[in-house]
Amino acid sequence: MAVKRGRGPRPKREDKLSFRTNEQIRVPEVRVVGENVENPGVYPTREALRMADAMELDLVEISPKAAPPVCRITDYQKFLYQQKKKQKELKAKATKIVVKEIRFGPNTDDHDYNFKLKHAEKFLQDGAKVKAFVFFKGRSILFKEKGEILLLRFAQDLEELGAVEQMPKLEGKRMTMFISPKKKK
């Protein structure tokens, strides 16, 4: 009979939020805080554990680097839930920067230019950055000045919606310029 060799049981996923609780706290004394603590202050760890046990709650180390470490008497599951909720709110408030690209050729005609300008206006109004670039194919690299003039004109036409973050810069066969949206008042 062949023996199956698998990966075995998966280890439990460690949460990013891990706090020492109750008997895991191994310091001689702690600063005890909490809504239900009458006399917050520094107590021996055994005394703090007795206080938490009397209230049928957990002693949770919230600031291990403090001297002495700060512990809160609270329900551990409820505490973890609140911490995760706070992290989620912070993540939701963090702004995500979107960069939209608009590509030109050195000899882009007016109709194409206006079409791309309208798209760039919409992107800036939506709060996205615009990366405008002129791509030089083959011998069209001879028209570097045309490309720079085109990008500067583009920046000038978008002046009321966005500010130039980076002036036109030639990198290989691309001349790139970044425009970021102006803050709404």
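Our subject is the structure that appears above.
Residues numbered from 1 in each chain as written. Predicted model: local features only at pLDDT ≥ 70, side-chain atom pairs only at ≥ 80, totals over all residues. Heavy atoms only, no water.

Caption draft 1: Spotlight on the packing of helix H3 (residues 110–125) against helix H4 (residues 144–157). Following both chains from N to C, one finds H3 and H4 inclined at 45°, their axes separated by 11 Å at the closest point. Classed by the angle they form, the pair H3 and H4 counts as oblique. Note on packing geometry: the crossing formed by H3 with H4 is right-handed. Every residue of H4 that contacts H3 at Asp110, Tyr113, Lys116, Leu117 and Ala120 is listed here: Leu150, Arg153, Phe154 and Asp157. Here the residues of the contact of H3 with H4 are counted per class, giving 5 nonpolar, no polar and 4 charged. (Axes fitted to C-alpha atoms, helices over the stretch in contact; angles between N-to-C directions. Helix = DSSP H or I, 4+ residues; strand = E, 2+ residues; numbered from the N terminus. Parallel < 35°, antiparallel > 145°, perpendicular 65-115°, else oblique. Left-handed = near helix turned anticlockwise from the far one by under 90°. Contact = heavy atoms within 4.5 Å. Nonpolar A, V, L, I, M, F, W, Y, C, P; charged D, E, K, R; others polar.)

Caption draft 2: Representation of helix H2 (residues 76–93). Compared with an ideal rise of 1.5 Å per residue, which puts 18 residues at 26 Å, H2 spans 26 Å between its outermost C-alpha atoms and is within 8% of the ideal. Turning to H2, its buried residues are Tyr76, Phe79, Leu80 and Gln83. Buried residues of H2, viewed axially, fall in a sector of 100°; they line one side. Among the exposed residues of H2, those pointing more than 90 degrees away from its buried face are Gln77, Tyr81, Lys88, Ala92 and Lys93. Looking at the buried side of H2, the elements it contacts are strand E3 (58–63) and strand E4 (70–74). (Expected span 1.5 Å × (residues − 1). Buried < 20%, exposed > 50% of the residue type's maximum accessible area, 1.4 Å probe, protein only. Arc of directions from axis to C-beta.)

Caption draft 3: Examining the nonpolar core more closely. Counting 20 residues, the largest nonpolar core has Phe104, Val130, Phe154 and Ile179 as the members making the most contacts within it. Here this core gets 5 residues from one element, more than from any other, and that element is H3. Beyond its immediate stretch of four places on either side in the chain, Val130 contacts Lys100, Ile102, Ala120, Phe123, Leu124, Phe154, Met177, Phe178 and Ile179. Counting 12 residues, the second largest nonpolar core, distinct from the first, contains Ile25, Tyr43, Ala52 and Ile73. (Core = buried A, V, L, I, M, F, W, Y, C linked by side-chain atoms within 4.5 Å.)

Caption draft 4: Spatial organisation of the environment of Lys169. On the secondary structure map, Lys169 appears in strand E7 (residues 162–171). Each residue touching Lys169, except ones within four places of it in the same chain, is listed here: Arg174, Met175 and Thr176.

Caption draft 5: Spotlight on the packing of aromatic side chains. Inspection of the entire model under this criterion finds 4 aromatic pairs. Plain terms: the ring middles of Phe104 and Phe154 are 5.1 Å apart, the flat faces sit at 75° to each other, and that makes the pair edge-to-face. A residue pair is termed long-range when its members are at least 10 positions apart, and Phe104 in strand E5 (residues 99–104) and Phe154 in helix H4 qualify at 50 residues. For Phe154, a relative accessible area of 0% corresponds to the buried category. Here a set of aromatic residues connected by ring pairs shows up, and it is made of Phe104, Tyr113 and Phe154. One residue, Arg153, lies across the ring of Tyr113, its end atom 3.8 Å from the ring centre. (Phe/Tyr/Trp six-rings, centres within 6.5 Å; stacked < 30°, edge-to-face > 60°. Lys NZ or Arg CZ within 6 Å of the ring centre and 35° of its normal.)

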